[in-house]
Every structure is written in C-alpha cells, then in structure tokens.
Amino acid sequence: MLERVLNGVGDMSRRAVRSPVTFSLLFAFALAAAIVAVTGGDPLAAGGEMFTGAVTGSGLRNTLGRSVPIIGMALAVSIAFRSGIINLGGEGQMVIGGLAGTIVAIYVPGPGYVIVPLAMLAGAVVGAVWGLLPAYGQTWLRLPILITSLLLNYVARAITGYLVRFQLLDDAVTLTSTRQVPETARMPKMPIFGGVSLSLILVIVLVALLWMVYTRSVAGYESQMTGFNMRSARYGGIDVEQRTVQVMVVAGAIGGLIGTHLIIGEALRFIDGELVLAGFAWTGLLVSLLAVNRPIPIFITGMFFSALQIGGLAMQRNAGVSWRLSQVLQAVVIVAVACRLAIRRGERPSTEVSDAESAAVGEV
Amino acid sequence: MTFELELRGITKRYPGVLANDAVDLAVRPAEIHAIVGENGAGKTTLMSLLYGLFPPDEGDIFIRGERVEFSSALDAIAAGLGMVHQSFKLFPTLSVAENVVFRQEPRRRGLIDRVAAVARVRDLADRYGLAVDPEAAVEDLPVGVLQRVEILKALYRDAQVLILDEPTAVLTPQERDQLFEVIRRLRDAGRTVIFITHKLGEVMAISDRVTVLRNGRAVADLVTAETDPAEITLHMTGRAVDLDRRAPEHQPDQAVLEVENLTVLGGHGRAVVKDAGFQVRSGEIVGIAGVAGNGQSELIEALCGLTEADTGAVMLSGRDITTADVAGRRAAGLAYIPEDRYGVGTIRRASVSENLLIGHHREETVQRRGWFDRGAVARLTRRLVEVFDIKTGSVSGPVSTLSGGNLQKVVVAREMEHRTPLLIAEQPTRGLDIGAIEFVHSQLIRYRDQGGAVLMVSAELSEILALSTRILVMFEGSIVATLDPRTVDEPEVGLYMTGAHLEAAVA
Ligand SMILES: Nc1ncnc2c1ncn2[C@@H]1O[C@H](COP(=O)(O)OP(=O)(O)OP(=O)(O)O)[C@@H](O)[C@H]1O
Ligand SMILES: [Mg+2]
C-alpha cells in the first residue's frame, strides 16, 4: 500500500520533471537571469524583487486582481480552441461587451445588487452577439472565423471609440472617456488581502463549471470530439454548425463579462483604447495554449502569468530592471513549450496513422 | 545456417498488456515468411520493434548473425530493412519519383538531379514489375499504386528484408495478384519478405513459412507446404472455424430503405453515382459488389448524409430523408460502419470509451438533461468491450493504442449497438481475424433475423456471397445487375464487376 503511494508520488514527480512546462520554465528563468547579468544587473536581487513583489502585501492583491481578466479571457478562448474554432476575437468581444456593461452601470438607476448583475448581463449579451457574428459568418457564408473574428476587433474598437467620443463623452475631464461609474454600480471588493474584486469568485465558478461541462456533459463531449476530429464528429451525428454557434456565444459572453468587470470593477471609466492596451485577450490566448485548453491548468497558469506581470512591475520599481523582462520571460516560456511539444510529437512512433494525417507526414 | 534475420526472446509490455512475450522468430534468406495471429496478438508490435520504431523491453535482434540494436528506423533502414505500414507515409503533392528518392536524392553539382531520379525509379520499377509512372503526382494515385510507391521507397534504399503489414487489406483482388507477382520476383532476386495477413488463403498461396502468434507468444513455426489452413487456425485460435457456411435463409419483409434515381456528382462535375435505384427490406442483407472506385463509397456517403446527392430521393422507414443531415438520418433510424476507420470511424485522440459513445451520447440511457450518467456510460462501454472481445489495456486509454482489428471492432460494436432499422456496413470485417469475422458475420445475420435491414459493401466476394439475400453489382457508378447469391458463383459476379456482360450485350 505504502509502496503504491510512494510509487504514485514518484511517478507524478517524474512526470512533472519531464513535463515540457517545467523544462520551459527553468529555461526561461535561466535565460532571463542571463540577460540581467549580462546587462550588468544582479539576477538574484531582481528575481527576489519579482517574487516578493508578486506575492506579498499589495502585490498579492494586484496579482489576484490581474488574474481575473487573464484567466477569464483564457477560458473564453479555450472553449473555442477545444472545439477546433480559432476565435481571435476575444478582444473585440471584451471591448464591446465592456462598453455595454459600462453604459448600463452609468445610466440605469437602481441599487447596486440590481445594477451590477444587470451591467454584467448586458456585457455578456453584447459580447455574445459579437461572438455570434463570425459564427454565422462561418456557418452561413463560409467565411473563416479566424479572419472575421480578428477583423471584428477593429470594428469593435471603432464603434466604442465613436460612442465614447461623440455620445458618452465626459466633458468634465480631459480624457476621451465616459463618465465615472457611480459608486453604487461598482463591482464590490471582498475584504481579503486588502480588497480583491468579487469577480475573482466569478472566475473560480467559471473554472469549476467548465471543468464539469468538459468531464461530464453532453455539450462538453460534443465540443471536444468536434475539436479532435470534425469529420468523425459529423459522422457521429453531432451538429457541428450548431455547436460552433453555441461555443462562440459562450466565448463572447465570457469576454463581455470580463470587459464589464474591467470597467466597473477596476478602471471605473471607459477610456477609449485603454481596454486593449493591457492585451489581456492575447495573454489569455497564450495561457490557454500553455494549459492545453484545460480549465484547472488555465487557472494555475493564469495566476502564474499574472504574478509574473505584477512581479515585473515591482522589479522595475525596486531593482531598476525593466518590467519588459517579464514579457520576455512570458514569450520564452511559450516558445520553449511549443518546441518541446513539437519534438515530442516527432519522437512518438505511431504504428498506424489515419490517411488524412499520414498525407502530411514524410519519411521516417 | 545463418538466418537472414532472427529475433530471440523479444518482450514488449504496455500497461495492462503483454504485447510480445518472449517471441522467437527466424527468417531465412530469400524466403517469404508469413506472420499470422488474431487481432491484438502482437504482430504489428513485433514488426515495429524489429524496424526500430521503439526498443523491446527484453530480447535480441540478429541480422545475418550479427546482433543489432536500432535506436530509430533510420538504423533499421541502414541495416537493410524496409517496412510498408498499413497506411502510407507519402507527400501527396510530390511526384512518385520525388517521394521515392526523398532524403537520398541523386545529385549533380550539389543540386538534385531530377532526370536521374526519374530514370532510377523507372529502372527499379521495371525490374520488379511494379507498374508505376515515376512522374505522376502521388495525390492522384489509387491505394494499390501508393503501396507500390512505398515498396519502391524501400527497394530504393536497397532493403534486403521487406516487411509488409496487412498489405492486402486495402487491395482489390487484381491488385493483390499483382502484389504477389512482385513479391515472388523479389524473392527470386534473393530478397526476403515478411508478410502479415489475416487471410489464410494468401498464406497458402504465397508464403514459404508461417509463424503464428497468439496472445503475444509465437506458438508455431510451420513450413507452408506441410500445413493447411485448418492447422494454422487451430494454432491461432485454439478452435476450428468455419467461414464457408452460407447464411440460413430468411423471408424479407417491408422496405426500410428506398432509393430512387440517386445521382452524385464527383469532384470534376462528373457523375460518380448514376441514377441508382434500389430497396433494402427488413430482414434482408443486400450486398453491393464492385471493383473499388466504381461509386460504392460515394453512394454510401450520400445515403448517410456525409455528402450531398445531386438528384434523387431517399426514404427511410417511409420518411423522406433526402435533405436530412447526418444527425437527422441517424435519428430516422440508420447506423453506419464506415470504410475508413481511422479518419472517420474513430477519433484517435479520444479514449476507447469516448469512441464507443459516439452517436450514443444523446440517448436517454446514458444522459439526463445533458449530463452523463457516468455509471451508465461505463456499463455500455464494458458491455461492448466484452461482447465484441475488444482487447484493450484500459477503456480510458487512448484508442490509438488499439491494434488495427480491435479498432475495427470498436466501430462495429458501437454501430450495431444502435439496433436501428437500417445498418449500413462498409467493409465490416476489414482487418479482422477469422474468429472475429465469424463473430461479426453471425451478428449481421442476427441483426437481419431480428428484422433489421442491412446494406453491406465489401471487397470480399466470399463475404458478399455468404451473407447477402440479394447482390447489387456496381460498375462505373451504375447498378448494372441484381443477382441471387443462390444462383451465381464468384467468377460470375466478377464478370459483372468488370462490365464484361455489357460488352457481351453490345456485341
Ligand atoms: N502504444 C500502446 N499502448 C498500449 N497498448 C498497446 C500499444 N500498442 C499496442 N498495444 C497493445 O498491444 C497488443 C498487440 O497489438 P498489435 O498492434 O501488435 O496487434 P496485431 O497483432 O497487429 O493485431 P491486428 O491484427 O488487430 O492488427 C494489443 O492488445 C494492443 O492494444
Ligand atoms: Mg496490426
């Protein structure tokens, strides 16, 4: 019995050590340390600042706060990826949903416990509509989602820009921005670690929900099978088009939720162009890729990336090393994981390959 | 004497499976050596070990008396081995010659010498009677020719030993005869051929010796001339199997599937199915015979809703399903065993149990309001694995670890479990061992006796003759004959398949 447990632990740690993610992390940190050293810095001190800056005091609060949009956008893109849909429109869905939520929060009167959920709902609905457009584009007009969803990001930016400049502008400030979200319509903060947005709970619930959906629901099964092999899924009677539409609606809705959260929970004003600056949709995309689109790994990886970014800022403040180094780290992790995955795929001998696949393979 | 090739005590374990158990195999120079055994007996695994795709857990490999250790297939190729896998690994957009010389291109002043490449490949092809045009693009070639390209690839690398894993499973009888001719020429030129098959007729026809694997062990090493199919079967299964028995007769009832004037257009706007009309009634098995590529696949895909028909009408149990999608057709009462078990019938990256669930996943018995009853799913999986004797280490493991025959059983088990009024079975026993074939045949007959209608396409004429109530023959997209299996024999059906009767009618 004990032996089995020990074996199990040994097995897990062996797998963790061999895992491409572990390798990539080590590699990335080593490279970052080398860069700091070569440019005349002290890698240990920089690393220390990065660590303490990310997980102590207000740093911890900030890490948790930033994890909300990163994990949220990663979840949104992961459900699309799992069904084999390349949805690059997360940004647009987030921005346009965010503005919708903001409008409700600013202009609809009422108590907070009504307005906050209502604003989130509005954000989700408008985000979903923004996801629906490319989905119908693909199922009705055969326009690839990959392209339309990406282009719609610019349309979303333009529409929100117009609305903010010409319809919703707050003349009282010099920013191109809406009015501030009234006190009552803001996302409440939980009294932990010095105030963490309630949206973190929302994200945790989403993670749990998606985990449930993919392990035990028909919808999750159909999505996953479609992502694995669309021909087989269709052959098995799965309505691939309908699933595509549903997935894009859910992905868009999550994007809209996150966009709304970012305004009514963080920025409090919708400043034109501001939402896209932090690049949450793209960080989320990388997180999802790294976590192979699984909800729980996405949660962990998202937290980690958030800590990396917050820690990077602390490092710049306290050790004088540019925060861009954490961006470099992020990028190196991704590239290293991708390489390792590619190499391992090459190694694995497959005795019998489908014709479709073998068509793409060459000599041994 | 020195053996061309010798394996001693080869063992390979997978979690829950002993794929090869201390296997000894001795192959003499210039012999054709057949390897037979039931599905999952370990044939493919043994050959992959020999070819250096992965190392054995235990055991040694000797080539011409010398012990070798391969760390990859490149080592095996260097040692004079060549392997043709069951599915091919070619670049579709390149020409035959380019595929053959890939990575060992003849060079002139540092550049690839295309003229020399074509010449060498043509020369090689001529020498062994492999009819291939070196300049043709691979994507335009039928399966039988692709296999020749793979053989050429091995010969170009000067393979002394050629390993063929179930090479005849995808061939028409004509192509198979041509392949045998090539194999004999190779042997006469002093090369050695190892040949995996489930068809004992082929073993008897072409091999010099035969090794039988059973549950991972080599249980017999026989000289073909001194044995017979019955003895080989006994070694393989431990019991006698009778395949030639004809299905007992059964009275068909009402029409389940009605097809009228069905025309399907192919890639170039050319009709690949022309004006097909027929019925399948409950309680009968209708067999479609035809040389591969005469419209059978296209007809079936159109019936299942995977491609669109151009004109015509399809009725299932009295309902018009002409414009229905696959889901709609399945709901109307149709199950389908597709020909391509790798690309369509199964999902490689999913588990065995997820694969067995395809198409059942919305049934009331396994889910309620969109959430699976995991106990019910496990019970369904376990039952199908047991009834069809699917050999698998674990049902939650990826389906890609199953042997070819066991993968086929997954598809057959799942589709028969639907118990729909109509079952469409395309090459239902491809890749199965004789025991499994016998089992699937008896299941098809039971399906029929319980009032099911079965539409079957098979490249095996014996299968068509043994099971069918009626035989439809397809030639160049048309149904050219409806035959009664009680009154025709194989050669006669063969004549219809080649369109010979049409010429006779014109003359
Ligand atoms: N990668 C793997 N992981 C786990 N089990 C495997 C793996 N590869 C093969 N097996 C198992 O090893 C056994 C032997 O498989 P193998 O493919 O050699 O059978 P085979 O004799 O070629 O059968 P078939 O006639 O059906 O092709 C099977 O039970 C199979 O499930
Ligand atoms: Mg095999």
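None of these values were measured; they are calculated from a predicted model.

Each value, and the rule that gives it
Residues numbered from 1 in each chain as written. Chains lettered and ligands numbered in written order. Predicted model: local features only at pLDDT ≥ 70, side-chain atom pairs only at ≥ 80, totals over all residues. Helix = DSSP H or I, 4+ residues; strand = E, 2+ residues; numbered from the N terminus. Buried ≥ 20, exposed ≤ 12 C-beta atoms within 10 Å, placed from the backbone. Contact = placed C-beta atoms within 7 Å. Domains from an automatic or database assignment. Nonpolar A, V, L, I, M, F, W, Y, C, P; charged D, E, K, R; others polar. Near = placed C-beta within 6 Å. Pairing = 2+ DSSP bridges. Axes fitted to C-alpha atoms, helices over the stretch in contact; angles between N-to-C directions. pLDDT = per-residue confidence, 0-100. Right-handed = clockwise from strand over helix to strand, strands pointing away. Core = buried A, V, L, I, M, F, W, Y, C linked by C-beta atoms within 7 Å. Expected span 1.5 Å × (residues − 1). Arc of directions from axis to C-beta.

1. Brief notes about the overall build of chain A
Summing up its helical and strand segments, chain A has 16 helices and 2 strands in all. For chain A, the proportion of its 364 residues judged to be buried stands at 47%. Within chain A, contacts between residues at least 6 apart in sequence are counted, and of these 76% link residues at least 24 apart.

2. A look at the domain arrangement of chain B
Residue and element names in this part refer to chain B. For chain B, the assigned domains are domain 1 (5–237) and domain 2 (255–333 + 420–506). Centre-to-centre separation of domain 1 and domain 2, based on C-alpha positions: 33 Å. Listed as interface residues are 9 residues of domain 1 and, on the opposing side, 11 residues of domain 2. In terms of residue class, the side of domain 1 that touches domain 2 is made up of 2 nonpolar, 5 polar and 2 charged.

3. Description of the site of ligand 1
All names here are of chain B. Close to ligand 1 lie 20 residues; Asn39, Thr44, Thr45, Ser403 and Gly405 are nearest. Secondary structure elements with two or more residues in the shell around ligand 1: β2 (17–27), α1 (43–50) and α14 (404–417). Among the residues forming the shell around ligand 1, the class breakdown is 5 nonpolar, 13 polar and 2 charged.

4. Quick word on the sheet that holds strand β4 (residues 58–63) of chain B
All names here are of chain B. An order of β2-β1-β4-β5 is seen for the 4 strands of this open sheet, with the pairing classed as antiparallel. One side of each edge strand has no neighbouring strand; the edge strands of this open sheet are β2 and β5 (66–68). Neighbouring strand axes in the sheet, compared pairwise and without regard to direction, differ in orientation by 30° on average.

5. Considerations on the confidence of the model for chain B
The pLDDT averaged across chain B works out to 89; a share of 96% of its residues lies at or above 70. On the interface metric, ipTM, the complex scores 0.84, and its pTM is 0.85.

6. Notes on the pairing of strand β9 (residues 161–165) of chain B
Along a regular strand, successive side chains alternate from one face of the sheet to the other. All names here are of chain B. In terms of burial, β9 is largely enclosed, as 5 of its 5 residues are buried. Across the two faces of β9 the burial is the same, with Val161, Ile163 and Asp165 and Leu162 and Leu164 all buried. Inspection of the sheet shows strand β6 (residues 81–84) paired to β9 by 4 bridges, in the parallel sense. Across the sheet, the residue bridging to Gly82 is Leu162, located in β9. Note that β9 and strand β10 (residues 192–196) share 5 bridges and pair parallel. In the strand pairing of β10, Val161 is matched with Thr192. Handedness of the crossover joining β9 and β10 through helix α6 (residues 173–188) is recorded here as right-handed.

7. Notes on the nonpolar core
Core analysis: the largest hydrophobic core is formed by 89 residues, its most contacted members being A:Met73, A:Leu75, A:Ala119, A:Ala251 and A:Ile254. When sequence neighbours within four positions are dropped, the list of residues in contact with A:Leu75 reads A:Leu206, A:Val207, A:Leu210, A:Ile254, A:Pro295 and A:Ile298. Membership of the second largest hydrophobic core comes to 80 residues, among which are B:Val272, B:Val280, B:Leu444 and B:Met497.

8. Things to note about helix α4 (residues 114–128) of chain B
Residues and elements named next belong to chain B. Its 15 residues give α4 an end-to-end C-alpha distance of 22 Å, which sits within 8% of 21 Å, the value for a rise of 1.5 Å per residue. Of all the residues in α4, the buried ones are Ala117, Val118, Val121 and Ala125. Down the axis, α4 shows its buried residues gathered within 95° of arc, on one side only. The exposed set on the far side of α4, more than 90 degrees from its buried face, consists of Val115, Asp123, Asp126 and Arg127. Elements that come into contact with the buried residues of α4 comprise α3 (96–101) and α5 (143–156). Following α4 by one or two positions, Gly129 has its phi on the positive side, about 70°.

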